[in-house]
Amino acid sequence: MRKVIADHVVEDIHYPVEGNYIIRLKSHVNIPPVKPGNFAQLLINNSPDVFLRRPFSILNVDYKKRIISFYVKIIGKGTGQLGKYKKGDKVNAIYPLGNSFSIPGLGNKALLVGGGSGIAPFILLAKELRKNNIRTTFLLGGKSKKNILLTEEFEKYGEVLFTTEDGSLGEKGLITDHSIFQSAHFDFDKIYTCGPEPMMKTIGKIARQRSINCEVSLENKMACGFGACLCCVTETVEGNKRVCMEGPVFNVNFLKWQI
Amino acid sequence: MADMNVKIHNLEFKNPVTTASGTFGFGVEFEDFIDLNLLGGIFVKGLTLKNREGNPYPRMAETASGMLNVVGLQNKGVDYFIENIYPVIKNYDTHIIANINGSTIEEYIGVAEKLNDLEKIPAIELNISCPNVKQGGMLFGTSCRSAIAVTDAIRKVYKKTLIVKLSPNVTDIAEIAKAVEGAGADAVSLINTLLGMAVNAETRRPLLSTVTGGLSGPAVKPVALRMVWQVYNAIKIPVFGIGGIMNATDAIEFILAGATAVQIGTANFIDPQVSIKIINGIEEYMNHHNIKSVKDLIGALEI
Ligand SMILES: Cc1cc2nc3c(=O)[nH]c(=O)nc-3n(C[C@H](O)[C@H](O)[C@H](O)COP(=O)(O)OP(=O)(O)OC[C@H]3O[C@@H](n4cnc5c(N)ncnc54)[C@H](O)[C@@H]3O)c2cc1C
Ligand SMILES: Cc1cc2nc3c(=O)[nH]c(=O)nc-3n(C[C@H](O)[C@H](O)[C@H](O)COP(=O)(O)O)c2cc1C
Ligand code: FES
């Protein structure tokens with residue numbers, strides 16, 4: 001997999017809900033094949049206060065139109081500054097970075113559990129699962145109905161379940177408390193989860209208890225994003241591994257998580 | 001055409017631009033982005049005698065115009081390097097230089113001895129300035145006595161070019177430079193990272209797992225430039241200038257201050273092609289100012 005570094009221009013940026021935006025970048029060169037779970041390192045402006053690149057999962061790719069998109073939640077300076085970009089502004093990007101989700105055997109059943117900006121890699125993953133005839137269920141969680149995004153997109157690929165903390169959509173409560181986990185028909189072959197670490201740990205624990213293969217996508221802080229600095233490591237059963245190279249996707253059982 | 005050649009001890013470098021240890025992996029990580037054969041040299045990630053897991057996460061905090069790191073010399077050990085990495089990188093047409101580390105003089109000797117016979121490793125960089133390990137590391141580089149002891153011990157076992165990497169976390173870096181010159185170093189490189197710290201006011205917790213860590217990037221450049229200048233004036237052996245170099249102008253400033261060559265560090269994270277851009281930029285500068293050889297720029301600061 002060859003990585004590219006190239007200037008892109010902002011095609012458009014829109015805010016489905018305050019504090020969250022989808023930014024689409026147009027590339028002047030062909031976009032290399034992107035796999036579900038891959039991420040990109042975006043150079044926001046290399047200013048004194050946003051000095052390093054910022055990593056974001058690749059939300060979607062239109063190879064024909066050469067457009068790559070990201071779903072960003074504003075949490076600080078870099079995500080805030082990028083959110084003010086306008087059509088035509090330049091963003092330098094390096095991708096595809098990292099490994100990707102593994103796809104189970106034909107005809108299996110998969111559950112995708114995501115909260116917040118953790119849903120970003122699920123669109124490419126859902127496309128790939130469908131290609132492999134895998135029945136897909138999404139479980140999406142958030143504070144309130146308005147925080148749950150891209151629902152129509154996910155509905156194209158499978159059944160979508162919700163939890164919200166205020167009960168405005170789906171079941172009320174935390175995503176990890178959804179009744180599906182208590183259901184007698186809980187017969188998934190694979191669970192994928194992305195989002196806040198406590199959520200991923202709880203999902204990982206449920207998967208482990210039921211001996212279901214489970215993959216998580218980590219969001220460790222990164223300096224380079226392409227394997228050179230060793231800043232992003234996570235502890236695994238085989239020692240420290242780089243989240244940007246050997247990850248961001250890991251099997252839960254490979255991580256040294258105390259769950 | 002501008003002559004970009006420089007000489008460090010008995011080694012010819014095709015140009016003065018090399019990449020700094022710990023910021024360039026083993027070179028292979030950059031293969032998709034640049035032609036590694038164009039570089040003057042590559043300083044590979046720090047090696048130790050045995051496998052080291054390094055420090056716990058979080059290992060990095062961004063700061064104004066820079067970053068702090070506490071990687072702590074994670075590497076699989078010198079034997080793994082020789083068996084698995086050296087065969088892959090030895091065919092690059094550039095100088096591959098190993099950066100060696102230890103918590104005791106014996107460990108440094110062990111690593112240096114094993115590297116002696118590698119045909120395509122023409123030099124080692126003795127790192128006596130790593131701030132991110134509990135034992136050894138920077139401790140060797142912060143007193144003249146210990147700097148002499150370790151340089152002298154390595155000089156006795158290592159036959160090829162010996163570069164000693166100096167710590168900026170000292171009162172008088174020129175004194176340490178003179179001490180390692182006297183103990184047989186063929187060149188010095190400076191600076192390693194400056195000891196720093198970052199705090200999250202909301203959580204009242206440090207941002208790095210080991211509380212303190214090494215600062216790099218443009219934030220350290222004025223300090224690094226000053227130290228290169230002081231060291232250049234104190235010793236006769238050549239100097240590798242390091243610290244916050246982001247572009248060709250920065251590199252030229254270091255050369256004017258006395259560096260024979262430069263190492264590019266943190267800048268590689270932001271732009272993995274920056275080293276090549278710096279080579280081209282130096283050449284353009286020379287053509288523009290009608291300078292025939294880059295050697296004419298070394299220490300050419302006018303005061
Ligand atoms: C592989 C990967 C994929 C990602 N995908 C997405 C995505 O699709 N969408 C998205 O919105 N975000 C994603 N992220 C997270 C995103 O990179 C960060 O939110 C972003 O870098 C924050 O930058 P900032 O300048 O806004 O925050 P800063 O101003 O740098 O930081 C604000 C606060 O958040 C903390 N912080 C920043 N980054 C992290 C981190 N990685 N882990 C823990 N704390 C942190 C800081 O310590 C600080 O307290 C991903 C991260 C990784 C590693
Ligand atoms: C993530 C990281 C890892 C480093 N690892 C090493 C190392 O293993 N050995 C070493 O001698 N210096 C190491 N350094 C120091 C750099 O080689 C260089 O001296 C320093 O970063 C200053 O240069 P810069 O500002 O251009 O980055 C490391 C620096 C960084 C940022
Ligand atoms: S971020 Fe540099 S190695 Fe992963």
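Residues numbered from 1 in each chain as written. Chains lettered and ligands numbered in written order. Predicted model: local features only at pLDDT ≥ 70, side-chain atom pairs only at ≥ 80, totals over all residues. Heavy atoms only, no water.

1. Regarding the interface of chain B and chain A
A common way to state how big an interface is: give the accessible area lost once the parts meet. The interface of chain B with chain A comprises 34 residues on the first partner and 32 residues on the second. Each partner contributes to the roughly 2600 Å² buried at the junction of chain B and chain A, and carbon and sulfur atoms together form 59% of this total. Of all residues in chain B, the largest losses of buried area upon contact with chain A belong to B:Y57, B:E62 and B:I270, amounting jointly to 25% of the total for that side. Between the two partners, chain B and chain A, sit eleven residue pairs in polar contact (both at pLDDT 80 or more). Taken together, the elements giving at least two residues each to the side of chain B that touches chain A come down to β5 (60–63), β6 (66–69) and α7 (267–270) of chain B. A class-by-class count of the residues in the side of chain B that touches chain A yields 14 nonpolar, 13 polar and seven charged. (Contact = heavy atoms within 4.5 Å. Buried area = accessible area lost by both parts, 1.4 Å probe. Polar contact = N/O pair within 3.5 Å; in protein donor to acceptor, adjacent residues only side chain to side chain. Helix = DSSP H or I, 4+ residues; strand = E, 2+ residues; numbered from the N terminus. Nonpolar A, V, L, I, M, F, W, Y, C, P; charged D, E, K, R; others polar.)

2. A closer look at the sheet that holds β6(B)
Residue and element names in this part refer to chain B. Strand order across the open sheet formed by four strands is β5-β6-β14-β11, with antiparallel pairing between neighbours. The strands lining the two open edges of the sheet, one partner per strand, are β5 and β11 (194–197). In this sheet, neighbouring strand axes are inclined to one another by 40° on average, regardless of whether the strands run parallel or antiparallel. The pairing of β5 with β6 spans four bridges and is classified as antiparallel. Bridge assignment links A61 to a residue of β6, and that residue is L68. (Pairing = 2+ DSSP bridges. Axes fitted to C-alpha atoms, helices over the stretch in contact; angles between N-to-C directions.)

3. Observations concerning the site of ligand 1
Residues and elements named next belong to chain A. Contacts to ligand 1 come from 20 residues, most closely from R54, P55, Y71, G78 and T79. In the model, a nitrogen atom of ligand 1 is placed 2.9 Å from a nitrogen or oxygen of the E219 main chain. Per-element tally for the shell around ligand 1: the top contributor is strand β4 (residues 54–57), with four residues. Looking at the shell around ligand 1 residue by residue, the classes come out as nine nonpolar, six polar and five charged. Two domains share the shell around ligand 1, each providing at least three of its residues, namely domain 1 (4–97) and domain 2 (109–254). (Near = heavy atom within 4 Å. Domains from an automatic or database assignment.)

4. Some points on the layout of surface pockets
Residues and elements named next belong to chain A. Here the second largest pocket defines a volume of roughly 540 Å³. Element by element, the count of residues in the lining of the second largest pocket is highest for strand β15 (residues 239–242), at four residues. Taken together, the residues of the lining of the second largest pocket sort by class into nine nonpolar, eight polar and nine charged. (1 Å grid on protein atoms, 1.4 Å probe; cavity = no way out; pocket = protein on both sides within 12 Å on 5 of 7 lines; lining within 4 Å. Points joined across faces, edges and corners; volume = space filled by probe spheres on them.)

5. Points about the site of ligand 2
Residue and element names in this part refer to chain B. Lining the immediate environment of ligand 2, one finds 22 residues, of which S21, K165, G217, G244 and T266 sit closest. In the model, an oxygen atom of ligand 2 is placed 3.0 Å from a nitrogen or oxygen of the N127 side chain. When ligand 2 is considered free in solution it has 610 Å² of accessible area, and contact with the protein chains removes 98% of it. Under a 2 Å grid-point criterion requiring more than half of the atoms, the pocket assigned to ligand 2 is the largest cavity. (Areas by Shrake-Rupley, 256 points an atom, 1.4 Å probe, with all protein chains shown as cover. Sits in = over half its atoms within 2 Å of the grid points.)

6. A look at the pairing of strand β2 (residues 20–27) of chain A
Residues and elements named next belong to chain A. Taking burial as the measure, the eight residues of β2 include six buried ones, the bulk of the element. As paired elements, strand β1 (residues 4–17) and β2 share seven bridges and run antiparallel to each other. The residue of β2 that forms the bridge with I13 is I23. Here β1 folds back onto β2 in antiparallel fashion, the turn holding two residues, of which G19 has a positive phi close to 85°. With seven bridges joining them, β2 and strand β6 (residues 67–73) adopt antiparallel strand pairing. The residue of β6 that forms the bridge with I23 is F70. (Buried < 20%, exposed > 50% of the residue type's maximum accessible area, 1.4 Å probe, protein only.)

7. Points about the pattern of salt bridges
Pairs may arise between side chains of opposite charge once their charged atoms sit close together. Within the structure shown, the criterion is met by 19 salt bridges over all chains. Between A:K156 and A:E153 there is a salt bridge whose closest N-O contact spans 3.1 Å. Judged by its relative accessible area of 51%, A:K156 is exposed. Across the pair B:K114 and B:D79 runs a salt bridge, and its minimum N-O distance is 3.0 Å. (Salt bridge = Lys/Arg side-chain N within 4 Å of Asp/Glu carboxyl O.)

8. Points about the sheet that holds strand β10 (residues 159–164) of chain A
All names here are of chain A. Spatial strand order, β11-β10-β9-β8-β12-β13-β16: seven strands in an open sheet with mixed pairing. In this open sheet, the two edge strands, each paired with only one partner strand, are β11 (171–172) and β16 (249–251). Pairing of strand β13 (residues 213–217) with β16, which is carried by three bridges, proceeds in the antiparallel orientation. Looking across to β16, one finds that S217 is bridged to V249. Packed on one face of the sheet, helix α2 (residues 122–131) meets β8 (109–115), β9 (135–142) and β12 (190–194) and runs near 175° to β8. Relative to the sheet, helix α4 (residues 197–209) contacts β8, β12 and β13, its axis offset from that of β12 by approximately 170°.

9. Things to note about the confidence of the model for chain B
Counting all residues, the mean pLDDT for chain B is 96, and 100% of those residues have values of 70 or more. ipTM for the predicted complex: 0.96, alongside a pTM of 0.97. (pLDDT = per-residue confidence, 0-100.)

10. Comments concerning the side chain of B:N101
All names here are of chain B. With respect to the helices and strands, the residue N101 is situated in the loop between β7 (95–100) and α2 (105–115). Overall, N101 belongs to the buried group, its relative accessible area being 1%. One polar contact links N101 to N99, side chain to side chain, over a distance of 3.0 Å.

11. Regarding the domain arrangement of chain A
All names here are of chain A. Segmenting chain A into domains produces domain 1 (4–97) and domain 2 (109–254). A straight line from the C-alpha centre of domain 1 to that of domain 2 covers 21 Å. Of the roughly 1800 Å² buried between domain 1 and domain 2 on both sides combined, carbon and sulfur atoms contribute 70%. Linking domain 1 with domain 2 are zero salt bridges. For the pair domain 1 and domain 2, the interface holds two residue pairs in polar contact (both at pLDDT 80 or more). Counting residues per element, the ones that place at least two in the side of domain 1 that touches domain 2 are β1, β2, β3 (39–43), β4, β5 (60–62), β6 and β7 (90–97).

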